[in-house]
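Observations on the three-dimensional arrangement
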Amino acid sequence: MHHPTFDRTQLRNTLLLVLGALIWGVAFVAQSVGSGYVGAYTFLAARSWLACAFLLGLLFVRRAAQRRKGVRLPFWIKPRTLLKGGALCGAALFAASAAQQMGVGTTSTAKAGFLTALYVVIVPALGLFAGRRPGAKLWVCVGVSVLGLYLLCLAGRDTLALTGGEWQLLLCALLFSFQILLVDHYGPRLDGVQLSFAEFFTTAVLSTVFMFVFERPDPAQIAGAAVAIAYCGILSSGVGYTLQIIGQKDLDPTIASLAMCLESVFSALAGWALLHQRLSAAETAGCCLMFAAIVGAQLPGRTGSEQKNSARPLDKDAARDL
């Protein structure tokens, strides 16, 4: 007879995603500063190329350490799968980022944050089509998280009525959901750092093309946004999304989306700590509810989806991530 216990792997991976959400939340401050200097595609291209350079350097450092230990592995592991996975994940990430940027200027920051984070609902809904059935516990956690999001982003300040641009933010949430599910599919089959590099290489190429088509990049303006680009490129993109890929391995994507939507909480806390913005009672209650949803998702208990994930074998040829 099985007695539910805490899954240490699930807890560890969830904490990795919460750390990634913390990095992304603080990045809102950097993005706010950077947007005053350069256009959206220019900023996305610069941070993505910087992320590629950081991740490639990390791969070379790790390879040198492996050689010192006498480990001989090919530099690129499963290149065909890596090419396909990186292209799909990168295209989804680019499309989601572009939809967010196009919609964010048409509404309040609060509503934009709420609509973007609705992937916390969309991910388990899409998972139903893939045969995943989150248990009642996870659906309750999703509901609590959405209520927390509403209190944090909208309560007393905005309505749920949608304008044209706000539908683009819902599209953004849908696209981020696809990116989460694609990472869930390819993450266990590939090396985490290499998949992150391939994802950002695709994003960098696409954003560079759009940058030259729709914007006029100015080196002086890029230099002005250098600090913001450095934070978003190295930490938010290079480190944060690598934590997402590693953290999502063997983790129910519903729990992953719950952890990552804490980005909204950390964004509010970063604004309070760094920009001296005040948090109302409703916003504080929203933060607490969202943290409670994450804690609730870790309580002992197994759903059909969780059993399926725990039974999924790891690919023996995959390399260690970090």
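Residues numbered from 1 in each chain as written. Predicted model: local features only at pLDDT ≥ 70, side-chain atom pairs only at ≥ 80, totals over all residues. Heavy atoms only, no water.

**A word on the overall build of the protein chain**
The criterion, for reference: Numbering of helices and strands starts at the N terminus; helices are DSSP runs of H or I of at least 4 residues and strands are runs of E of at least 2. Partly exposed residues are those whose accessible area sits between 20% and 50% of the maximum for their type, while under 20% is buried and over 50% is exposed, using a 1.4 Å probe and protein chains only. Every residue pair with non-hydrogen atoms within 4.5 Å of one another is taken to be in contact. Each accessible area value is a Shrake-Rupley result obtained with a 1.4 Å probe; residue values ignore everything except the protein chains displayed when judging cover.
Counting secondary structure elements, the protein chain contains 14 helices and zero strands. Shown N-terminal to C-terminal, the secondary structure of the protein chain runs as helices and strands in the order α-α-α-α-α-α-α-α-α-α-α-α-α-α. The 322 residues of the protein chain split such that 48% are buried. Excluding contacts between residues fewer than 6 apart, the proportion of contacts in the protein chain whose partners are at least 24 apart in sequence is 91%. Put simply, the protein chain shows about 15,300 Å² of open surface, and 67% of that area lies on carbon and sulfur atoms.

**Regarding the confidence of the model for the protein chain**
How we decide: What pLDDT conveys is the predictor's confidence in a given residue, as a value from 0 to 100.
Across the protein chain, the average pLDDT comes to 83, with 85% of residues at 70 or higher. Looking across the protein chain, the model is least confident in helix α14 (residues 304-311), with a mean pLDDT of 42, and most confident in helix α8 (residues 192-214), with 96. Here residues 303-322 is modelled with pLDDT under 50, and outside its nearest four sequence neighbours on either side it reaches 49 contacts, counting other chains as well.

**What to know about the nonpolar core**
Quick reminder of the rule: For the purposes of this section, nonpolar cores are sets of buried Ala, Val, Leu, Ile, Met, Phe, Trp, Tyr and Cys residues that join through side-chain atoms within 4.5 Å.
With 54 residues, the main nonpolar core has L258 and L262 as its most contacted residues. Leave out the neighbours within four places in its chain, and L258 touches V120, C141, V142, S145, A293, I294 and A297. With nine residues, the next largest nonpolar core counts A30, A46, A228 and I229 among its residues.

**With respect to a nonpolar patch on the surface**
Under the convention used in this document: Only residues above 30% relative accessible area that lack a salt bridge enter a patch, with like-charged residues linked at up to 9 Å and the nonpolar side chains Val, Leu, Ile, Met, Phe, Trp and Tyr linked at up to 5 Å. For this document, the term salt bridge refers to a Lys or Arg side-chain nitrogen within 4 Å of an Asp or Glu carboxyl oxygen.
Nonpolar side chains collect at one region of the surface, where W49, F201, V205, V209, V213 and F214 lie side by side and expose about 580 Å² of accessible area between them. For the nonpolar patch, the element with the most residues is α8, which contributes five residues. Here V213 shows up in helix α8. Residue V213 is classed as exposed on the basis of its relative accessible area, which comes to 57%.

**So, the packing of aromatic side chains**
As a reminder of what qualifies: Aromatic rings from Phe, Tyr and Trp, with only the six-membered ring used for Trp, were paired whenever their centres fell within 6.5 Å, and each pair was classed as stacked if the ring planes differed by under 30 degrees, edge-to-face if by over 60, and tilted otherwise.
Scanning all chains against the criterion turns up 14 aromatic pairs. Centroid distance W49 to F201: 5.7 Å. Interplanar angle 85 degrees. Geometry classified as edge-to-face. Within this pair, whereas W49 is found in helix α2 (residues 40-68), its partner F201 is found in helix α8, the two being separated by 152 residues in sequence. F201 sits in the partly exposed class, given a relative accessible area of 39%. Every member of this aromatic cluster is reached through a ring pair, and the members are W49, F60, F75, W76, F197 and F201.

**Remarks on the side chain of T42**
Within the secondary structure, T42 sits in helix α2. The exposure class assigned to T42 is buried, which follows from its relative accessible area of 4%. Excluding its chain neighbours within four sequence positions, the residues that come into contact with T42 are M211, E215, P217 and I222.

**A word on the pattern of salt bridges**
When the charged atoms of two side chains lie near each other, side chains of opposite charge can form a pair. The tally for this structure, following the rule as stated, stands at one salt bridge. Across the pair D191 and R62 runs a salt bridge whose closest N-O atoms are separated by 3.0 Å. Pair noted here: D191 is in the loop between α7 (164-186) and α8 and R62 is in helix α2, with a separation of 129 residues, a long-range link. Like D191, the residue R62 is buried in the burial classification.

**Comments concerning unusual backbone geometry**
Phi is positive for K78, close to 50 degrees, though the residue is something other than glycine. Structurally, K78 can be placed in the loop between α2 and α3 (79-104). Of note in this structure, D250 is not a glycine but carries a positive phi near 60 degrees. Under the relative-accessibility criterion, D250 is labelled partly exposed at 28%.

**Section: the packing of helix α5 (residues 119-129) against helix α11 (residues 253-260)**
What counts, and what does not: An axis is simply a line fitted to the C-alpha atoms; with a helix, the fit covers only the stretch in contact. Between two such axes, the angle follows the N-to-C directions and lies from 0 to 180 degrees. Throughout this description, any angle smaller than 35 degrees is read as roughly parallel, any larger than 145 degrees as roughly antiparallel, any in the 65 to 115 degree range as roughly perpendicular, and the remainder as oblique. Any residue that is not Ala, Val, Leu, Ile, Met, Phe, Trp, Tyr, Cys, Pro, Asp, Glu, Lys or Arg is counted as polar, Gly included; the first ten are nonpolar and the last four charged.
At a minimum axis distance of 9 Å, the contact between α5 and α11 shows a crossing angle of 175 degrees. It follows from the interaxial angle that α5 and α11 lie roughly antiparallel. Only P253, T254, S257, L258 and M260 of α11 make contact with α5, whose side of the interface consists of Y119, V120, V123 and P124. Grouping the constituent residues of the contact of α5 with α11 by class yields seven nonpolar, two polar and no charged.

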